[in-house]
Amino acid sequence: MLRSQFLFLAVVGSVIATDLSTLPDLLKTISADVFPGFKEISQDIYDHPETSTQEFHAHDSVVDYFTTKNPGLWQVTPHAYGQPTAFALNFVHKPAGFSGSEDDIPVVGFMAEYDALLGIGHACGHNHILLNGLAAASMTRQALIDLDIPGRLRLLGTPDEENTGGKARLQDAGAFDGVDVWMMAHPTSANAVQPMQGRVDAQANFVGNTHADAVRTAYEALVLVTDLAGSLPGTASTATPVEDVGMFTINVVAQRILFGVAGLSLQDVNTTVAGLLDSTYVGVNYTIAESNEVEKGVALTIDGPGGHASEGNKSPLRLSIETFRELTANEKGVSFFLPGNTTVTELDITVSVRTRYTMDLDSVLQAVESAITSKAKQITTDRPYPALEVITSLGDRFLSLMHDANHGSQTTFNYSTIAPAATDAGFVQDAQLDPQTKQLLSVGKAVFHPNFGICENVPGAPCGFNHEPAFEATAGTEYSYGRTEIIARALAQIGVELLDDAAFMREATKLVRR
């Protein structure tokens, strides 16, 4: 590959732009060299999933790769910024004859996630986010060297996206300081450049004098939350209850719900549940049996898809809520219990509150709290995840690459206004919008976060949405790794172009607050 030449005039930015016509082919050559090693790391963490803040194997695998197997490529910082499972890779390329300040050299950042979900492994595909970050940053690095373009790079390994917002802690520690533009990409079931939701989780505690009292009170609150659908303030706002069964109850809607009814015959309970279970409960089914845990007990085991908390998906928990509603309205002397757990008198429910715009989170949360405050002993909330907005200058360039032949001529890859989920990358962006028009006014950092589909369109190929068990299988397919390679090359090309073209960098970062 011939190296393109350019004239360096001592001060970065006062250069004749590099001829980047060979960059797509150069990145393919670089990818063929570096991608297989990173793919092995990704496959290894897929086989060894670790939940938030416990990603020690993933952290050590990356650090070992760059300190032992391939030393000298990056300045490596393990356990970065006070986070035991965060890492930082830094790199600077100074062309021959460089005489200016290193601080004058432009810089681009990449982010990598690698935490998994309890019980369903990498069903959010974070093994691919790590792979994309490693590959895109490393392709950019080598291209800067080969084309002799001045540039600085920072790759941050960002743990704990799923649970308590690891990027927020990294931001508080200064991990994103000095870098105005950050890129990552998230695998999902479809291609889109799109915003992401704001999110806050309300944990409600319910207490009763008896187990039956506690269950009734909790389910009365669940009915109230369910009935908020369609009446919440804000745009595309939802409040979805999740039965607390351990870590990640917010992000994994329980696939199995155990719900007991006392005081009715098995036949009566079965008739009620069967009458409720219509076609809107996609993939949900149940089994029913008599239980000797309580007098005249009937135990239901309700199974169905997990996945992101969404009012668009009627979950196993929703069927138990509607069963409770129906039986309390039409039957006297009925009580309820939790099979296998009939002694507890204190229950917890998490309500995942989501809305399109960060500015609406408080009002949506207030509506939820007002609905259930009379039932709950106490309600606590976690740290809200801000919504993520689209940086159109980066989106336009990315989509143009997706549509060209070098990246598969993906003409269906376009913008979407739907915000499908939340991300802690919103902490990094820290977007400020006009309250009336919702126009993006400024950002703390220019964050670009495209979503890309990894479901192969062939009969029998696994495909689900993020946090569903089927998506874990999707994230391990050979096809999914090929998709990540394409996206990584595109982000690497954008990274090189940003570092080489001062006008493009100014446009991409024009909304960054200085």
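Above this note sits the structure.
Residues numbered from 1 in each chain as written. Predicted model: local features only at pLDDT ≥ 70, side-chain atom pairs only at ≥ 80, totals over all residues. Heavy atoms only, no water.

Peer 1: Explain the pattern of salt bridges to me, please; I cannot follow it from the model alone.
Peer 2: Pairing is possible between side chains of opposite charge, provided their charged atoms come close. Considering all chains together, one arrives at 20 salt bridges under this definition. Among the ionic pairs, aspartate 303 bridges to arginine 256, the shortest N-O distance being 2.7 Å. One end of the pair, aspartate 303, is in strand E11 (residues 297-303); the other, arginine 256, is in strand E9 (residues 256-262), and 47 residues separate them in sequence. On the basis of relative accessibility, which here comes to 51%, the residue arginine 256 falls in the exposed class. For arginine 325, the salt bridge identified is with glutamate 322, shortest N-O distance 2.9 Å. Linking arginine 325 with glutamate 322, this pair stays in helix H7 (residues 316-330), spanning three residues, or about one helical turn. You can call arginine 325 partly exposed: its relative accessible area is 26%. Judged by relative accessible area, which is 13%, glutamate 322 ranks as buried. Here the salt bridges do not stand alone but share partners, grouping Asp227, Arg318, Glu322 and Arg325 into one network. (Salt bridge = Lys/Arg side-chain N within 4 Å of Asp/Glu carboxyl O. Helix = DSSP H or I, 4+ residues; strand = E, 2+ residues; numbered from the N terminus. Buried < 20%, exposed > 50% of the residue type's maximum accessible area, 1.4 Å probe, protein only.)

Peer 1: Can you help me understand the sheet that holds strand E4 (residues 151-157) in this one?
Peer 2: Strand pairing within a sheet occurs via backbone hydrogen bonds; the two strands may be parallel or antiparallel. Ordered in space as E1-E2-E4-E3-E5-E17, the six strands form an open sheet in which the pairing is mixed. Each having just a single partner strand, strand E1 (75-78) and strand E17 (446-448) make up the two edges of the open sheet. Adjacent strand axes in the sheet meet at a mean angle of 20 degrees, parallel and antiparallel pairs treated alike. With two bridges connecting them, strand E3 (residues 107-112) and strand E5 (residues 181-183) associate as parallel partners. Pairing of phenylalanine 110 across the sheet is with methionine 183, part of E5. (Pairing = 2+ DSSP bridges. Axes fitted to C-alpha atoms, helices over the stretch in contact; angles between N-to-C directions.)

Peer 1: Please clarify how the state of the cysteines should be interpreted in this entry.
Peer 2: A disulfide bridge is the covalent bond that connects two cysteines by way of their sulfur atoms. If you walk through the whole model with that rule in mind, you get one disulfide. Put simply, cysteine 455 and cysteine 463 are joined by a disulfide, and their sulfur atoms are 2.2 Å apart. In this structure the cystine formed by cysteine 455 and cysteine 463 twists about its S-S bond by roughly 80 degrees; its chirality is therefore right-handed. According to the relative accessible area criterion, cysteine 455 is buried, its value standing at 17%. Among the residues examined, cysteine 463 registers a relative accessible area of 42% and is labelled partly exposed. Between cysteine 124, a free cysteine, and cysteine 455, which holds the nearest cysteine sulfur, the sulfur-to-sulfur gap is 13 Å. Judged by its relative accessible area of 5%, cysteine 124 falls in the buried class. (Disulfide = S-S within 2.5 Å.)

Peer 1: Help me understand the packing of helix H1 (residues 23-47) against helix H12 (residues 478-500), please; the structure alone is not making it clear to me.
Peer 2: The axes of two packed helices give the description: the angle between them and the distance between them. Look at H1 against H12: their axes get within 9 Å of each other, and the N-to-C directions meet at 130 degrees. Taken together, the axis directions place H1 and H12 in an arrangement best described as oblique. Handedness of the crossing formed by H1 with H12: right-handed. On the side of H1, the interface is formed by Leu23, Pro24, Leu27, Lys28, Ser31, Phe35, Lys39, Ser42, Gln43 and Tyr46, while H12 contributes Glu478, Tyr481, Thr484, Glu485, Arg489, Ala492, Gln493 and Val496. Here the residues of the contact of H1 with H12 are counted per class, giving eight nonpolar, five polar and five charged. (Parallel < 35°, antiparallel > 145°, perpendicular 65-115°, else oblique. Left-handed = near helix turned anticlockwise from the far one by under 90°. Contact = heavy atoms within 4.5 Å. Nonpolar A, V, L, I, M, F, W, Y, C, P; charged D, E, K, R; others polar.)

Peer 1: How should the sheet that holds E11 be read in this particular structure?
Peer 2: Read from one edge of the open sheet, four strands run E10-E11-E9-E12, paired in antiparallel fashion. Strand pairing shows two members of the sheet lacking a second neighbour, strand E10 (285-291) and strand E12 (335-337), which therefore form its edges. Between one strand axis and the next, the sheet turns by 25 degrees as a mean value, whatever way the strands run. Along the sheet, helix H5 (residues 211-226) makes contact with E9 and E12, crossing E12 at roughly 95 degrees. Across the sheet, helix H6 (residues 266-276) lies against E9, E10 and E11, angled at about 165 degrees from E10, the strand it touches most.

Peer 1: Looking at this structure, how should I read the packing of H1 against helix H2 (residues 56-69)?
Peer 2: Between H1 and H2, the least distance of the axes is 10 Å, while the angle of their chain directions is 160 degrees. On the basis of their axis angle, the class for H1 and H2 is roughly antiparallel. Once H1 is placed against H2, the crossing between them reads as right-handed. Contact residues: H1 offers Gly37, Phe38, Ile41, Asp44 and Ile45, while H2 offers His57, Ala58, Ser61, Val62, Tyr65 and Phe66. Here the contact of H1 with H2 is composed, by residue class, of seven nonpolar, three polar and one charged.

Peer 1: Where do I start with H5 in this structure?
Peer 2: In an α-helix there are 3.6 residues to a turn, and that puts residues three or four apart on one side. The end-to-end C-alpha separation of H5 is 22 Å, in line with the 22 Å expected for 16 residues at 1.5 Å each. Along H5, the positions that sit buried rather than exposed are His211, Ala214, Val215, Thr217, Ala218, Tyr219, Ala221, Leu222, Val223, Val225 and Thr226. (Expected span 1.5 Å × (residues − 1).)

Peer 1: How should I be thinking about the nonpolar core in this particular structure?
Peer 2: Ranked by size, the top nonpolar core spans 75 residues in total, and within it Phe398, Leu491 and Leu498 carry the most contacts. When residues in this core are grouped by element, the largest group, eleven residues, is from H12. Not counting residues within four places of it along the chain, the set of residues in contact with phenylalanine 398 comprises Val193, Phe413, Phe448, Pro450, Ile487, Ala490, Leu491 and Ile494. One finds Val200, Ala204, Leu338 and Leu361 within the second-largest nonpolar core, a separate group that totals 46 residues. (Core = buried A, V, L, I, M, F, W, Y, C linked by side-chain atoms within 4.5 Å.)

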